[in-house]
Structures are given as structure tokens and as C-alpha cells.
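So the chains spell out like this:
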Amino acid sequence: MNKNLTAATILITFIAFTIFVYCKKSYTPVLNIIDPVTIQIDINNNGVIDDNETVCITDTEAFKLDIKGQSPEFSKELGLTKNEIISLGYMSDNYAKGVLISKPVKLKLNGEKASHCRFGDIYVNGTRNYADLLVSTGFGAKKGEYNKKSLQENLEAAKKLNLVIYNIKSGKYHKLDCEYGLMSSDYSVVEKKRLPKDASPCKYCHVIKENKKNPNDIPKNCPKPQKIANTTFTEGELKIILTDFTQKLKPDRNCDTKACLALLEEINKSKETIDIAVYGMDMIPKIYSALEAAKLRNVRIRMVYDKAMLPEKNYYKETENILKLTAESNNDYVKDKPTYTNRLMHNKFFIFDNKTVYTGSANISIAGLSDYNANTVIITYSPEIAKLYSAEFEQMLSGKFHELKSKPELENTFALNGTKIGIYFSPYDKASEKIIPIIDSAREYIYIPTFLITHGGITDALIRAKRRNVDIKIILDANNVTTRNTKHTILRQNGIMLKTENYAGKLHSKSMIIDDKYIIAGSMNFSNSGENKNDENLLIIENERVAKEYKNYFIYLWSKIPDKYLTTNAKAEGKESIGSCYDGVDNDFDGLTDGEDSGCR
């Protein structure tokens with residue numbers, strides 16, 4: 001009897017598993033929304049958009065985000081203005097992305113084809129017809145039938161959006177019906193409050209002409225100056241610089257930002273030694289010239305850096321130019337140890353004259369030092385802290401990277417004029433053992449601007465904090481929602497507010513701000529590799545004023561990113577990521593840049 005029961009159980013389990021696998025294969029993920037009724041679906045599940053994977057929804061129309069304001073047939077009887085049509089298209093696009101993007105759907109093709117797509121129906125969650133959803137929400141019509149009540153509600157909401165056309169190439173913004181806005185070659189439709197600080201109004205549709213003297217001629221909707229959070233703050237021997245990537249949409253080599261100028265100042269002040277531990281370096285002329293001048297005045301320059309097993313995998317190709325200025329250098333390349341070599345020397349720190357340390361998340365690159373990426377730079381003026389960093393540097397210079405390093409017998413917590421700083425190096429310090437107790441002690445808030453979160457223990461601690469009603473907000477880089485071990489879905493499922501950023505540059509910070517008390521920041525991503533494999537450094541800073549300053553910056557950054565990215569994810573390279581289609585950068589690492597990328601076409 002027991003044998004029969006066991007056999008039946010195994011058979012039922014096998015049948016259930018077979019059904020599960022079959023059902024799973026019947027679902028395919030949505031990769032891209034061209035418009036609300038033209039959807040690109042990964043039919044063959046290879047992760048890329050192929051020629052036959054664009055689907056047009058059968059017998060269905062919808063409002064589309066088109067700055068020329070082309071109205072769908074079903075809405076023409078309503079007498080909508082161009083502004084209303086564009087605004088409804090903006091809302092419709094956002095709705096479609098929220099319902100479909102990155103979601104598994106069922107697809108039923110009907111055999112009909114057009115030059116650009118195949119026709120069919122999409123089913124959300126297996127049963128809900130997507131076309132019916134468009135109709136019920138007032139964004140679309142099926143065979144000419146639409147929901148007038150929902151459309152009217154959408155229209156009222158659209159009037160409150162205050163949208164403008166932002167020309168990324170010129171940096172100017174226009175009213176939706178401006179003839180010069182309609183000529184924009186590279187544009188985004190955005191809410192006015194989310195414009196970059198240096199965006200300038202089109203003089204033809206926003207600014208009064210010089211010969212007009214009547215105050216009544218000033219357009220009522222001219223924007224007030226944006227309030228920018230403080231991005232540089234000093235407390236005794238500690239300085240923190242934050243880079244605001246919402247204001248810089250193209251990287252450059254100018255070295256005219258606070259982060260780059262601060263590094264330049266320390267190089268120029270150096271008298272004896274400059275020790276450099278960096279992932280790699282781009283050629284930034286002012287930095288190179290300053291190092292060259294330092295060498296000429298007999299400053300000893302030494303450097304450790306990352307080197308991949310294969311030359312084409314080295315991210316910073318120009319590092320070799322900097323090495324010409326060094327008296328000594330070393331890297332983590334070992335010919336017969338690919339696992340060891342492919343771990344990263346991921347630090348970004350400089351030690352000047354054994355007393356000043358410049359560190360943080362910023363790579364010494366055109367993206368890292370031009371404010372194109374969002375980063376945290378930390379400068380300490382302390383011989384004791386410099387001594388600890390020097391011990392780490394000397395190990396790597398001698399050829400000991402990654403797991404070959406040992407923990408030095410030196411103090412790693414410091415008091416600088418009322419600021420307590422703990423400094424931890426990967427992989428031997430096991431930084432999560434310091435981070436998780438701080439998360440567990442949080443009572444008010446945890447704000448996290450970070451490149452990624454894949455660390456299981458940190459994720460679990462954040463979920464525990466949420467269950468204690470701690471206010472948690474996370475901003476994640478758009479690239480990293482597709483990372484293999486990303487935790488963004490489980491964090492959202494547990495009620496944590498998490499946005500993906502929608503700007504051209506990377507949100508490259510690796511930081512947390514907790515309870516007006518702690519700042520956690522450095523080169524270490526919140527990942528297993530960051531903690532246990534790579535060479536990294538992490539600082540835990542305790543100072544109420546500094547934490548409040550960083551908190552204010554985070555709140556500013558949070559307000560710049562639309563709330564729709566709480567539930568949907570911006571593409572790293574696409575029209576919705578401001579500037580990404582005109583920055584000359586392959587933002588999503590697919591080998592395609594700007595107009596070549598499907599997201600920008």
C-alpha cells in the first residue's frame with residue numbers, strides 16, 4: 001500500500017512539474033514598447049529583439065507619445081488640442097510600460113502580417129486581454145469602441161502634468177505646441193520639474209522678447225529656479241563631494257567639476273609621494289599634466305590597478321599612459337590563475353604625502369569625474385587614516401591582491417573632530433558584518449542611492465527593517481535590474497519603495513544614509529563579489545550634520561525621478577533615460593550607441 005502511495009505521489013509530482021514547465025514555456029517576456037499597441041516580445045526567449053518579434057495588437061488603437069500630436073481615429077470627435085493629445089500619449093506610454101515591460105505574457109498570433117509587425121493578442125497574467133485593458137482605462141479603443149468616462153478622467157489628469165519638449169542636443173525646452181520643439185532631432189517629453197538645472201527655455205515660446213515691457217507678457221508657466229541640494233560639505237578633517245548626474249548629460253575630459261578639481265588640488269599640493277589604487281584611469285589632460293608636473297618635482301608616484309585575463313576585457317584602455325609616470329606599479333594579473341585574475345582590483349583611492357586620502361565610488365574616468373555619473377567622493381586629512389590605506393596599498397604593490405592579502409594589525413576606527421569613521425577593506429574585513437547591524441538598528445529611515453543590490457544578507461536586513469516600519473527608499477542604476485542576482489524585485493514585493501533612475505549616466509554611488517547618523521559609502525558594491533572577492537574599501541561615517549546633508553541630497557534626487565519608476569524600470573539607453581540617446585556612450589553595454597540602439601530609434 002505504501003509503495004503504491006509513494007508511486008502515486010511521484011507520478012503526481014512529475015505531472016505537476018511537467019505542467020509547470022509547459023506553462024512557463026508558454027509565457028514570453030516583453031522586451032520593449034514601441035508604442036502602446038506595438039510591442040516587442042522575446043518569442044524565442046534569446047534575450048534580444050529579433051526581426052519577427054514585433055507584435056501589433058489586433059483591431060486596437062491607442063494614444064501614442066508623438067510630439068506632432070497625431071490623434072487616433074476614435075478620439076477625433078472629441079476635438080482634443082495638440083497639447084492634450086501629447087499628454088494623453090505620455091500617460092498611455094507609461095501605462096503600457098507599467099503593465100507589460102519585463103513581464104511574461106501569453107501571445108496569440110492570428111497569422112496576419114504588416115511590413116513592420118505581426119498581428120495578435122497579448123494576455124497579461126495569462127487571462128487578461130491587454131487590448132481590453134487599454135479600452136477600460138481610456139487609453140485605447142478596440143474596433144472603435146472606447147471608455148468615454150475613463151478617457152475624460154485621463155484628460156483631467158493630463159492637464160496637470162505640465163509637460164515640455166526637452167531637446168537634448170540643444171539643451172532647450174519648449175511648450176508642447178511650439179514649432180521649434182516639433183523640429184527637435186533628439187528629444188524627450190518630460191515634466192517641467194524634472195528638467196536638468198542648465199536647461200534653457202526656448203525664447204519663442206517661453207521667454208518674453210526684449211522689446212516687451214508689460215509684466216503681463218511674462219508667461220505664467222515660466223519655471224522657478226530649481227532648488228539644488230548641497231553637494232559638498234566639510235566637517236573638520238572630512239570632506240564629502242556628491243556628483244549630481246541629473247545636470248550633466250554628456251561626459252567630458254574638462255576636469256571642471258568639484259570632484260575632479262579636488263583631486264587636481266591634492267595632486268598639485270603633493271610634495272613627496274602619490275600612491276594610487278584604482279580600477280583604471282582615463283586620460284584626463286589636467287590630471288595627467290598635474291601628475292607629470294609632480295613627477296618633475298620629484299614626487300614619487302606608485303600605482304596598483306586591475307588587469308583582466310584577456311586584453312579586450314580591460315575596461316580602461318588608457319591606463320597604460322598613466323603608468324609611464326609611475327616609479328613602481330603592479331596589477332592582479334596572474335597568467336595561470338584566471339579565477340584570481342578575473343576578480344577586480346576595484347578600489348578608487350589616492351594617498352598623498354602619507355596624510356591625505358581621496359577615495360569613494362568615482363572611477364578616474366571621463367564619466368566618473370565629469371559629474372556624468374552619480375558618485376560619492378570622500379577626502380580625509382588624517383595621517384592615521386593614510387597609514388591604514390598605505391598598509392593596504394603596500395600589500396597590493398607587493399603582488400598580494402584579493403584573498404592573498406591579510407588584515408593589518410592597525411586601528412581601523414578613527415575620531416576626527418567629533419566624526420567617527422570606520423574603514424574596512426575587502427575581502428578580509430567582511431563589510432556586511434558591519435553594515436547589517438546598522439540596518440538592524442535603524443528606527444526612522446534608510447535611504448540608498450546605489451549602483452546595485454545583490455547581497456542576500458543586506459537584502460534580508462532591509463526587509464526586516466521595513467517590517468519594523470522603517471522608511472526605506474532605494475534608487476538603483478537602470479542597468480542593474482537585469483543583473484543575474486539583482487534583488488530589486490524581492491525588495492519591491494516586500495513593500496520597499498525602489499526606483500530605477502532615468503538619466504544618461506550611471507548611478508554609480510554605493511551608499512546608504514541611516515537615521516541622521518550614518519553614511520555608508522566607498523568603492524564596494526552591495527554584492528557578494530564586492531564583499532568577498534574584489535579589492536574594495538568601505539567607510540562607515542558617524543556624523544549627524546553630514547548625514548543630514550546627504551539625506552537632503554537623496555531626497556532631491558528622489559524627487560527628480562518620476563514615480564512611475566517605482567513599478568516599471570527605465571531602459572539604460574532609450575528615450576525615457578534623459579540624454580542617453582545623444583551622449584556618445586553605449587549605456588547598456590550591448591555594442592550599440594545612441595541612434596544605433598533600438599531604444600533610441
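Everything below is about the structure printed above this text.
Conventions used here
Residues numbered from 1 in each chain as written. Predicted model: local features only at pLDDT ≥ 70, side-chain atom pairs only at ≥ 80, totals over all residues. Heavy atoms only, no water. Helix = DSSP H or I, 4+ residues; strand = E, 2+ residues; numbered from the N terminus. Rg over C-alpha atoms; globule rule 2.2 N^0.38 Å. Buried < 20%, exposed > 50% of the residue type's maximum accessible area, 1.4 Å probe, protein only. Contact = heavy atoms within 4.5 Å. Areas by Shrake-Rupley, 256 points an atom, 1.4 Å probe, with all protein chains shown as cover. Lys, Arg positive; Asp, Glu negative; His and termini not counted. Charge placed at Lys NZ, Arg CZ, Asp CG, Glu CD. Pairing = 2+ DSSP bridges. Phe/Tyr/Trp six-rings, centres within 6.5 Å; stacked < 30°, edge-to-face > 60°. 1 Å grid on protein atoms, 1.4 Å probe; cavity = no way out; pocket = protein on both sides within 12 Å on 5 of 7 lines; lining within 4 Å. Points joined across faces, edges and corners; volume = space filled by probe spheres on them. Nonpolar A, V, L, I, M, F, W, Y, C, P; charged D, E, K, R; others polar. Disulfide = S-S within 2.5 Å. Salt bridge = Lys/Arg side-chain N within 4 Å of Asp/Glu carboxyl O. Axes fitted to C-alpha atoms, helices over the stretch in contact; angles between N-to-C directions.

S.K.: Would you take a moment to explain the overall build of the protein chain for this structure?
M.R.: A count of helical and extended segments in the protein chain gives 14 helices and 28 strands. Over its C-alpha trace the protein chain gives a radius of gyration of 27 Å, about what one expects of a compact globule, namely 25 Å for 601 residues. Its C-alpha atoms give the protein chain principal-axis dimensions of about 100 × 80 × 45 Å. With 601 residues in all, the protein chain has 55% of them scored as buried. Sequence-distant contacts in the protein chain: of pairs separated by 6 or more residues, those separated by 24 or more amount to 69%. Total accessible area on the protein chain stands at roughly 27300 Å², and carbon and sulfur atoms take up 51% of it. Considering the protein chain, the positive charge centre built from 84 side chains and the negative charge centre built from 77 side chains are found 3 Å apart.

S.K.: Explain the sheet that holds strand β9 (residues 163–167) to me, please; I cannot follow it from the model alone.
M.R.: Across a sheet, strands are paired by hydrogen bonds formed along the backbone, either parallel or antiparallel in direction. In spatial order, the strands read β11-β9-β10-β12; together these four strands make up an open sheet with mixed pairing. The outermost strands of the open sheet, each flanked by one partner alone, are β11 (187–191) and β12 (200–201). Sheet analysis places β9 next to strand β10 (residues 172–174), joined by three bridges and oriented antiparallel. Bridge assignment links I165 to a residue of β10, and that residue is H174.

S.K.: Would you take a moment to explain the packing of aromatic side chains for this structure?
M.R.: Aromatic rings in a pair are described by how distant their centres are and how their planes are angled relative to each other. Applying the stated rule across the entire model yields 16 aromatic pairs. On the basis of an interplanar angle of 45° and a centroid distance of 6.2 Å, the ring pair of Y553 and Y556 is categorised as tilted. A residue pair is termed a helical-turn pair when its members lie 3 or 4 positions apart in one helix, as Y553 and Y556 do in helix α14 (residues 544–560) at three residues. Residue classification places Y553 among the buried positions, given a relative accessible area of 3%.

S.K.: What am I meant to see in the layout of surface pockets here?
M.R.: A probe as big as a water molecule, rolled over the atoms, marks out the empty space that is left. Each pocket or cavity is described by its volume, and for the second largest pocket that value is around 1500 Å³. Around the second largest pocket, the lining comprises 47 residues; the ones closest to its centre are Y279, Y315, L344, F451 and F589. In terms of residue count, the dominant contributor to the lining of the second largest pocket is helix α13 (residues 528–532) (three residues). The residue inventory of the lining of the second largest pocket, partitioned by class, reads 15 nonpolar, 19 polar and 13 charged.

S.K.: Please clarify how the state of the cysteines should be interpreted in this entry.
M.R.: In a disulfide, the sulfur atoms of two cysteines are held together by a covalent bond. This structure, assessed with the given rule, holds three disulfides. Across the disulfide from C56 sits C117; the S-S distance is 2.0 Å. When the S-S torsion is -110°, as for the bridge of C56 with C117, the disulfide is left-handed. Taken together, the residues span a long stretch of sequence, with C56 in strand β3 (residues 54–57) and C117 in the loop between β5 (104–113) and β6 (118–124) at a distance of 61 residues. By relative accessible area, which is 7% here, C56 ends up buried. Sulfur-sulfur distance for the disulfide between C255 and C260 comes to 2.1 Å. When the S-S torsion is -100°, as for the bridge of C255 with C260, the disulfide is left-handed. Look at C255 and you get buried, because its relative accessible area is 2%. Counting only the cysteines that take part in disulfides, in the order they occur along the protein chain, gives the pairing 1-2, 3-4, 5-6.

S.K.: Would you mind going over empty space enclosed by the protein with me for this structure?
M.R.: In this structure the tally under the stated criterion is one cavity of 30 Å³ or more. Quantified by volume, the largest cavity comes out at close to 30 Å³. Around the largest cavity sit L388, K407, P408, L410, N412, I423, F425, Y428 and D429, which together line it. A breakdown of the residues in the lining of the largest cavity according to their chemical character gives six nonpolar, one polar and two charged.

S.K.: For this particular structure, what's the right way to read the pairing of strand β2 (residues 38–41)?
M.R.: Remember that side chains alternate between the two faces of the sheet whenever the strand is regular. Of the two faces of β2, the one lined by T38 and Q40 and the one lined by I39 and I41 are each fully buried. In sequence, strand β1 (residues 28–35) turns back onto β2 through a hairpin of two residues. As defined by bridge partners, β2 adjoins β3 across three bridges and the pair is classed as antiparallel. Bridging from a neighbouring strand, T38 pairs with C56 of β3.

S.K.: Would you mind showing me how to read the pattern of salt bridges here?
M.R.: Should their charged atoms come close, side chains of opposite charge can pair. The tally for this structure, following the rule as stated, stands at 22 salt bridges. The residue K159 makes a salt bridge to E156 at a minimum N-O spacing of 3.6 Å. Between D429 and K407 there is a salt bridge, with its nearest N and O atoms 2.5 Å apart. Here K407 lies in the loop between α9 (383–397) and β21 (413–416) and D429 lies in the loop between β22 (419–426) and α10 (432–441), a separation of 22 residues in the sequence. The exposure class assigned to D429 is buried, which follows from its relative accessible area of 7%. On the basis of relative accessibility, which here comes to 43%, the residue K407 falls in the partly exposed class.

S.K.: Would you take a moment to explain the sheet that holds strand β25 (residues 497–500) for this structure?
M.R.: Read from one edge to the other, the open sheet built from eight strands follows the order β21-β22-β28-β27-β26-β23-β24-β25, with strand pairing classed as mixed. Both outer strands of the open sheet, β21 and β25, are each paired with one neighbouring strand and no more. In this sheet, neighbouring strand axes are inclined to one another by 15° on average, regardless of whether the strands run parallel or antiparallel. Pairing analysis gives two bridges linking strand β23 (residues 445–450) to strand β26 (residues 512–514), with the strands arranged antiparallel. The residue of β26 that forms the bridge with Y447 is I513. Packed onto the sheet, α10 meets β22, β23, β26, β27 (518–522) and β28 (536–542) and runs at close to 40° relative to β26.

Purely geometric numbers; function is a separate question.
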